[in-house]
Each structure stands twice: as structure tokens, then as C-alpha cells.
Amino acid sequence: CNVPHPHGHNDTGFMVAGQGMEGCANYGVPILDTTEGRTRVHYFDASTDEAFNAVTSCVTANGWRGCLNLAETWLDQPRTKTMVV
């Protein structure tokens, strides 16, 4: 199962890596991006043939950064020197 904030606390946890786990009916790719002084989690849904084809075609042609219009951003926070990620 892939869901942001499975316990209802925004920005404090994510349930990912059950890629295609039976019973969840979702499949996708989470991306952790820690560039530009930020911590971001992007999730590319690929749970349907249409979504899978759109994501794989776009990422193959443009890299994942060029396809963020197909992703849901689960987290986008600035990092500080004291922040532990």
C-alpha cells in the first residue's frame, strides 16, 4: 500500500514500498528528493495501464523531474542544518 500520512499526522510519515501489494489496489513509485535545500516526496501513481504508460513514457523521455505534472507531492519542506531527515 502506498499512502501519505497513514496515521493522520501530516508531514510525519508515509507508507510506501508495498509496490502492488495485494489488497491495496495501488501501484506507484515514490521519489525522495533532497535537492535545493528542501525535502520532497513525490509519488507517481501507476495503478492503471493508462497511468503506468504515461509515467513510464514520460520518465523515459524526460527523466522524473520532467514529469512532476504526473506526480502527487506528498511533502515539500525546507531543510535546516539541524533537521534530521
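Residues numbered from 1 in each chain as written. Predicted model: local features only at pLDDT ≥ 70, side-chain atom pairs only at ≥ 80, totals over all residues. Heavy atoms only, no water.

## What to know about helix α1 (residues 49-62)
Next up, step 1: Taking 1.5 Å as the rise per residue, α1 with 14 residues should run 20 Å; its terminal C-alpha atoms sit 20 Å apart, in good agreement.
Next up, step 2: The set of residues buried in α1 consists of A51, V55 and C58. On an axial view of α1, the arc spanned by its buried residues comes to 75 degrees, and they lie on one face. Exposed residues pointing more than 90 degrees away from the buried face of α1 are listed as D49, T60 and A61.
Next up, step 3: Contact partners of the buried residues in α1: β4 (38-45).
Next up, step 4: Taken from the residues just after α1, G63 is the one with a positive phi, measuring 75 degrees. (Helix = DSSP H or I, 4+ residues; strand = E, 2+ residues; numbered from the N terminus. Expected span 1.5 Å × (residues − 1). Buried < 20%, exposed > 50% of the residue type's maximum accessible area, 1.4 Å probe, protein only. Arc of directions from axis to C-beta. Contact = heavy atoms within 4.5 Å.)

## Thoughts on unusual backbone geometry
As a rule of thumb, non-glycine residues mostly have phi less than zero, and peptide bonds are mostly trans rather than cis.
Next up, step 1: At E36, a residue that is not glycine, the phi angle is positive and equals roughly 60 degrees.
Next up, step 2: Position of E36 relative to the elements: it lies in the loop between β3 (28-33) and β4.
Next up, step 3: For E36, a relative accessible area of 68% gives the class exposed.

## Comments concerning the sheet that holds β3
Next up, step 1: If you trace the three strands from one edge of the open sheet to the other, you get β3-β4-β5, paired in antiparallel fashion. Since the sheet does not close on itself, it has two edges, and those belong to β3 and β5 (71-78), each with one partner. Within this sheet the neighbouring strands show an average axis-to-axis angle of 10 degrees, counted without direction.
Next up, step 2: Two elements, β3 and β4, share six bridges in a ladder whose sense is antiparallel. Within β4, the position partnered with D33 by the bridge is R40. (Pairing = 2+ DSSP bridges. Axes fitted to C-alpha atoms, helices over the stretch in contact; angles between N-to-C directions.)

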